[in-house]
Amino acid sequence: MGLFGTRTDSATPLDGVDAVFADLDGVVYAGAHAIPYAVDSLNLTKSERAVGYITNNASRSDASVALHLAELGLDVVPTDVVTSPQAAMTLLDEHVSPGALVLVVGGEGIVTELGKRGYRVTRSADDGPDAVVQGFAPEVGWRELAEAAFALNAHGGPDAAGGIPWIATNMDWTIPVARGIAPGNGTLVSAVHTAVGRFPLVAGKPETPIFDEARRRFASERPLVVGDRLDTDILGANRAGMTSAVVLTGIDRAKQLLAADASSRPDFILADLRGLHEPYPASEQVRDGAIRVGGARVRLDGRRVVIADEGDGGLDLLRAACAAIWQSGIAIHALDVPPRLYA
């Protein structure tokens, strides 16, 4: 499959796939607006197979996320949305008894899922919680982080063994907002880690619990994960043993793809979600040692990356360059890469 698979030029990334698991920000929408072609492409996909939406965002419930997606024009219901708080509940079920008292650092997304599972909620360490679940919400501040630290240190402080379970919905270091890039849940978790001296269990991407939850919910055996970030969407899909496609409408672009390590490389590189339904060109090694994709050819001459043929100068050139660099086994910082490939 993918860049070096035994595919024909008539095959699309959806061939053989029984479900698509799509990230949201950077794939479906950017801010308040749908990304061009995303809605039509995903609705077309859903006419033939299941479509799930996987999000690390812990501040909203599945119902509120589904409402937003429906307003954009997507055919979606709440059960199509898989959130990191839902994956966190699966981890929580493994570590505490039914009806346990859980200290929440976060917002609606976590509280809603705890209520569905019959857990009780507190915001104070003085109540003696049985576990801590932490996720991002804009209102989270020092007081909430301190309560988590107090609860986690209640059995002897940061150097003590054991302690109550601590589950983080995700470890995204940053979060895109209207005014720019802001600290994400990983940054807030790090503050608590500094105070308690241990790390949480993590439910969201790139860890596998959220992908396992999606696979179970849609009874999928051959899913395709579509995302815009190599370090969460693609790394997580690879860890979960799922085929993946990166779409160049969000965070990561050509520079990050060319430098991707083996654990974060996608099977498919798409300009936008129309590419799900379009024939995906095969990659092949030709006589001069170059990798050819469509009309583009790229080869390595020692440590120098050489564009032997630009083809139409579009996405096939990037696909060929990625395949040539990845196949070489040489780290990107040791290569002389033409600036043209970063365009």
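Not measured: the values here are computed from a predicted model.

Reading guide: rules and limits
- Residues numbered from 1 in each chain as written.
- Predicted model: local features only at pLDDT ≥ 70, side-chain atom pairs only at ≥ 80, totals over all residues.
- Heavy atoms only, no water.
- Helix = DSSP H or I, 4+ residues; strand = E, 2+ residues; numbered from the N terminus.
- Rg over C-alpha atoms; globule rule 2.2 N^0.38 Å.
- Buried < 20%, exposed > 50% of the residue type's maximum accessible area, 1.4 Å probe, protein only.
- Lys, Arg positive; Asp, Glu negative; His and termini not counted.
- Charge placed at Lys NZ, Arg CZ, Asp CG, Glu CD.
- Salt bridge = Lys/Arg side-chain N within 4 Å of Asp/Glu carboxyl O.
- Polar contact = N/O pair within 3.5 Å; in protein donor to acceptor, adjacent residues only side chain to side chain.
- Pairing = 2+ DSSP bridges.
- Axes fitted to C-alpha atoms, helices over the stretch in contact; angles between N-to-C directions.
- Contact = heavy atoms within 4.5 Å.
- Parallel < 35°, antiparallel > 145°, perpendicular 65-115°, else oblique.
- Nonpolar A, V, L, I, M, F, W, Y, C, P; charged D, E, K, R; others polar.

Q: Teacher, can you tell me more about the overall build of the protein here?
A: Per the secondary structure count, the protein includes 10 helices and 19 strands. By the compact-globule yardstick of 20 Å for 343 residues, the protein fits well, its C-alpha radius of gyration being 22 Å. Taken over the C-alpha atoms alone, the protein extends approximately 70 × 45 × 35 Å along its principal axes. Counting across all 343 residues of the protein, residues that qualify as buried make up 52%. For the protein, the distance from the average position of its 30 positive side-chain charges to the average position of its 43 negative side-chain charges is 4 Å.

Q: What is the right way to look at the pattern of salt bridges in this model?
A: In the structure shown here, the tally under the stated rule is 19 salt bridges. The residue E48 makes a salt bridge to R49 at a minimum N-O spacing of 3.4 Å. Between R229 and D231 there is a salt bridge, with the nearest N and O atoms lying 3.3 Å from each other. On the accessibility criterion, D231 (40% relative accessible area) is partly exposed. Each of D23, K205 and D233 takes part in salt bridges that share partners, so that together they form one network.

Q: Is there a simple way to think about the side chain of T12 in this case?
A: Note that T12 resides in the segment before β1 (19–22). Within the local environment of T12, its side chain forms a polar contact with the side chain of D15, the two groups lying 3.1 Å apart.

Q: Mind showing me how you'd approach the sheet that holds strand β17 (residues 291–293) here?
A: What links the strands of a sheet is backbone hydrogen bonding, and the strands pair in either a parallel or an antiparallel sense. What the four strands build is an open sheet, ordered β16-β17-β18-β19; its pairing is antiparallel. Since the sheet does not close on itself, it has two edges, and those belong to β16 (283–285) and β19 (304–310), each with one partner. Pairwise comparison of adjacent strand axes, ignoring direction, gives a mean angle of 25° for this sheet. Sheet analysis places β17 next to strand β18 (residues 296–301), joined by three bridges and oriented antiparallel. Of the residues in β18, the one forming a bridge with R292 is R297. Strands β16, β17, β18 and β19 of the sheet are contacted by helix α10 (residues 315–328), whose axis makes an angle of about 30° with β18.

Q: Looking at this model, I keep getting lost on the packing of helix α3 (residues 84–93) against helix α7 (residues 209–217). Mind explaining?
A: Helix-helix packing is described using two parameters, namely the angle between the two axes and the distance between the axes. Interhelical geometry of α3 versus α7 gives an angle of 95° and a closest axis separation of 9 Å. Between α3 and α7, the interaxial angle falls into the category roughly perpendicular. For the pair α3 and α7, the contacting residues are S84, Q86, A87, T90 and L91 in the first and P209, I210, E213, R216 and R217 in the second. When its residues are assigned to classes, the contact of α3 with α7 shows four nonpolar, three polar and three charged.

Q: Quick question: what am I supposed to make of the pairing of β19 here?
A: The side chains of a regular strand alternate between the sheet's two faces. Here β18 pairs with β19 via six bridges, running antiparallel. Note on β19: the bridge partner recorded for R297 is D309.

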